[in-house]
Amino acid sequence: MDSKTMDYFKHETAIVDEGAQIGEGSKIWHFSHVMGTAKIGKGCNLGQNVYIDAQVIIGDGVKIQNNVSVYQGVEVGDDCFLGPSCVFTNVTNPRSEVVRRDEYKKTKLGKGVTVGANATVVCGVALGDYAFVGAGAVVTKSFPAYALVVGCPAVQKGWMSAFGEKLDFDEQGIAKCVNSGSVYRLENGKVEKL
Ligand SMILES: CC(C)(COP(=O)(O)OP(=O)(O)OC[C@H]1O[C@@H](n2cnc3c(N)ncnc32)[C@H](O)[C@@H]1OP(=O)(O)O)[C@@H](O)C(=O)NCCC(=O)NCCS
């Protein structure tokens, strides 16, 4: 697409390969690179030195901070926040001498997931909607929607609202987000917004 007819913004130092699909209103900043088979939704922001690999799908409204590479096999839901220098992987046992391109494992981030600065998400896991990964965590398994996880390996410390506030559930399994006022229910290890 001719740069004049593009309905997204691309800084002059960014490289968007022919064929990449980029939604309206998205912004791609300095030295970032999007591969030709990648698909990025509407209203996204890709900071400096962001790499979007082949066949990666990024939803709408996603914010990707500086120095993040989203590798093949990773799917990022709408409104996710990927903190600076967070890392994704797509091979469990890489060896330079062994070709493992057919063995990429999938990683799926639901809607509204936050991955904190410098955290690593090891491949083959799924993070439920609005799961929150603390800075520097190493996620080695899947976690449910609204889970707050920290540490290496990441363990669940609690629950986080869609607004980004910790949820304190009462004996009836009900919690109110102190900031947004939204109410959540915890039942059978799962949280839902009422
Ligand atoms: C996980 C997080 C949300 C917790 O925030 P918080 O509730 O205000 O945390 P607190 O300061 O009250 O700490 C609570 C406890 O968790 C620990 N903790 C906080 N963040 C942690 C992290 N990332 N990893 C491990 N432990 C963490 C604290 O040491 C503290 O432990 P203690 O109770 O034994 O003293 C926050 O620290 C975090 O990592 N946010 C991500 C920030 C980020 O990456 N932003 C990117 C864009 S700038």
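Note that this is a predicted model, so its numbers are computed, not measured.

J.: Provide a residue-level description of the site of the ligand, including the pertinent values.
T.: Every residue close to the ligand is listed here: Phe81, Pro84, Gly116, Ala117, Phe132, Gly134, Ala135, Val150, Met160 and Lys166. At 2.6 Å from an oxygen atom of the ligand is found a main-chain nitrogen or oxygen belonging to alanine 117. One of the side-chain nitrogen or oxygen atoms of lysine 166 is found 2.5 Å away from an oxygen atom of the ligand. Against a free-state accessible area of 910 Å², the protein chains account for coverage of 37% of the ligand. Taken together, the residues that form the shell around the ligand break down as 7 nonpolar, 2 polar and 1 charged.

J.: Kindly report on the confidence of the model for the protein chain, identifying the contributing residues and their values.
T.: Residues at a pLDDT of 70 or more form 97% of the protein chain, whose mean pLDDT is 95. Below pLDDT 50 for its whole length, residues 1-5 participates in 2 contacts with residues either more than four positions away or in separate chains.

J.: So what's going on with the pairing of strand β25 (residues 190-193)? Which residues, and what values?
T.: When strand β24 (residues 183-187) meets β25, the two strands line up antiparallel, connected through 4 bridges. Among the inter-strand pairings, arginine 185 is bridged to a residue of β25, identified as glutamate 192. Once β24 ends, the chain turns through 2 residues before running back antiparallel as β25, passing asparagine 188 with a positive phi of about 50°.

J.: Give a detailed account of unusual backbone geometry, specifying residues and quantitative values.
T.: Proline 153 follows cysteine 152 through a cis peptide bond whose omega is -5°. Counting through the fold element by element, proline 153 comes out in the loop between β21 (147-150) and β22 (155-159). Of note in the backbone geometry, asparagine 67 takes a positive phi value of approximately 65° without being a glycine. Relative to the helices and strands, asparagine 67 is located in the loop between β10 (63-64) and β11 (69-70).

J.: Go over the sheet that holds strand β23 (residues 174-176) with me, naming the residues and quoting the values.
T.: Pairing is antiparallel in the open sheet, where 3 strands are placed in the order β23-β24-β25. At either end of the open sheet lies a strand with only one pairing partner, and these are β23 and β25. Across this sheet, the average inter-strand angle for adjacent strands is 25°, counted without regard to direction. Pairing geometry for β23 and β24, over 3 bridges, is antiparallel. Note on β24: the bridge partner recorded for isoleucine 174 is arginine 185.

J.: With reference to specific residues and values, describe the environment of valine 149.
T.: Along the chain, valine 149 falls in strand β21. Judged by its relative accessible area of 1%, valine 149 falls in the buried class. Spatially, the C-alpha atoms of valine 149 and serine 161 are 13 Å apart, while their sequence positions differ by 12 residues. Leave out the neighbours within four places in its chain, and valine 149 touches Phe132, Val133, Gly134, Ala137, Val139, Phe143, Ala154, Val155, Gln156 and Lys157.

J.: Just give me the short version of the side chain of threonine 107, but keep the residues and values in it.
T.: Relative to the elements of secondary structure, threonine 107 occurs in strand β15 (residues 107-109). The exposure class assigned to threonine 107 is buried, which follows from its relative accessible area of 1%. Setting aside residues no more than four positions away along its own chain, threonine 107 makes contact with Gly73, Val74, Glu75, Phe88, Thr89, Val121, Val122, Cys123, Gly124 and Val125.

J.: Can you explain the pattern of salt bridges? Please cite residues and give values.
T.: For the structure shown, the criterion picks out 3 salt bridges. The partner of glutamate 103 in a salt bridge is arginine 100, and the shortest N-O contact between them spans 3.2 Å. A relative accessible area of 43% means that glutamate 103 is categorised as partly exposed.

Rules of the game
- Residues numbered from 1 in each chain as written.
- Predicted model: local features only at pLDDT ≥ 70, side-chain atom pairs only at ≥ 80, totals over all residues.
- Heavy atoms only, no water.
- Near = heavy atom within 4 Å.
- Polar contact = N/O pair within 3.5 Å; in protein donor to acceptor, adjacent residues only side chain to side chain.
- Areas by Shrake-Rupley, 256 points an atom, 1.4 Å probe, with all protein chains shown as cover.
- Nonpolar A, V, L, I, M, F, W, Y, C, P; charged D, E, K, R; others polar.
- pLDDT = per-residue confidence, 0-100.
- Contact = heavy atoms within 4.5 Å.
- Pairing = 2+ DSSP bridges.
- Helix = DSSP H or I, 4+ residues; strand = E, 2+ residues; numbered from the N terminus.
- Axes fitted to C-alpha atoms, helices over the stretch in contact; angles between N-to-C directions.
- Buried < 20%, exposed > 50% of the residue type's maximum accessible area, 1.4 Å probe, protein only.
- Salt bridge = Lys/Arg side-chain N within 4 Å of Asp/Glu carboxyl O.

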